[in-house]
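Listed below, chain by chain, are the residues.
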Amino acid sequence: MDLMLEVIIMEAIVLAAGYSSRANAFKMTLPLGQMSVLEHTISKFEEICSKIIVVAGYQAETIQEEINKINDKKAYTFQIKLVYNEDFNLGMFSSIQKGCTELEAPAFFITPGDCPLVNKKTLQLLADQDGNVVIPSFKFKGGHPIKLSKQVSHKILATNHESNLRDVLNGYDKSYFTVDDPGILMDVDTPEDYQKAFSYYIQYYGDSSHGPI
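## Remarks on the overall build of the chain
On a plain count of helices and strands, the chain comes out with eight helices and ten strands. Among the 213 residues that make up the chain, the fraction classed as buried is 52%. Looking at the chain alone, contacts between residues at least 24 apart form 75% of all its contacts between residues at least 6 apart. Put simply, the chain shows about 10400 Å² of open surface, and 49% of that area lies on carbon and sulfur atoms.

Laid out in structure tokens, this is it:
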């Protein structure tokens, strides 16, 4: 599929509404080289998605400030839309549902905002895969982001908020796409995760500035 066509038809939902309770810091704005964790996550969708829907809840003002900084760089062609989930305390699925209300494209990615180390090539490969549910896999473990069809988003919105994404996806055939990218399994849930993410970042990108705090 032509890459420019993907720019038109793909969008992404980035989940950034949680409390970061296990990270001992607000993980979305933690530094990783010259960018924050959130910007790293968002930046990988450049030239692949036309719109990034960032779902905020806890510290939504901080997320807005971070998005303003990202926009001020004028480094990306996609639109970033902040959406506030007033029910973020109900859990991640409520944020997924909130993000789905903003979708216009026939296919979209969904990822937690604290998955900054995914290789952009992985997203380019996933964008070209067909199916209602496409999940990247590294060493037989599924990771993020996942690619979903608009049909799945309709099902998500029609599902009780007390459910979860896993239950929704169990109603579809899943396509697991093997990638050589350990970054799909790496998030920043805990201080230890952050240290591991920083070490991986230094190993593969060679930028030791603005390291763990």
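Picking up after the structure, the text goes on.
## Structural notes on unusual backbone geometry
Where the residue is not glycine, phi is negative for most of them; where a peptide bond is considered, it is trans in most cases. Here the amide bond leading from histidine 144 into proline 145 is cis, since omega sits at 0 degrees, within 30 degrees of zero. Positionally, proline 145 belongs in the loop between β8 (141-142) and β9 (146-149). Even without glycine at this site, glutamate 47 takes up a positive phi of about 70 degrees. Mapped onto the elements, glutamate 47 comes out in the loop between α2 (37-43) and β4 (51-56). On the basis of relative accessibility, which here comes to 42%, the residue glutamate 47 falls in the partly exposed class.

## Re the packing of aromatic side chains
As enumerated under the stated definition, the model contains six aromatic pairs in all. With 6.1 Å between their ring centres and 70 degrees between their planes, phenylalanine 26 and tyrosine 58 make a pair best called edge-to-face. In this pair, phenylalanine 26 sits in the loop between β1 (10-16) and β2 (31-32) while tyrosine 58 sits in the loop between β4 and α3 (60-72), placing the two residues 32 residues apart along the sequence. Residue tyrosine 58 is classed as partly exposed on the basis of its relative accessible area, which comes to 30%. Ring centres of phenylalanine 45 and phenylalanine 109 lie 5.5 Å apart, and the angle between their planes is 45 degrees; on these two criteria the pair is classed as tilted. One end of the pair, phenylalanine 45, is in the loop between α2 and β4; the other, phenylalanine 109, is in strand β6 (residues 107-112), with 64 residues separating them in the sequence. With respect to burial, phenylalanine 45 and phenylalanine 109 carry one shared label: buried. Through a chain of ring-to-ring contacts, three or more aromatic side chains come together here, namely Tyr19, Phe26, Tyr58 and Phe88.

Quick notes on the rules
- Residues numbered from 1 in each chain as written.
- Predicted model: local features only at pLDDT ≥ 70, side-chain atom pairs only at ≥ 80, totals over all residues.
- Heavy atoms only, no water.
- Helix = DSSP H or I, 4+ residues; strand = E, 2+ residues; numbered from the N terminus.
- Buried < 20%, exposed > 50% of the residue type's maximum accessible area, 1.4 Å probe, protein only.
- Contact = heavy atoms within 4.5 Å.
- Areas by Shrake-Rupley, 256 points an atom, 1.4 Å probe, with all protein chains shown as cover.
- Phe/Tyr/Trp six-rings, centres within 6.5 Å; stacked < 30°, edge-to-face > 60°.

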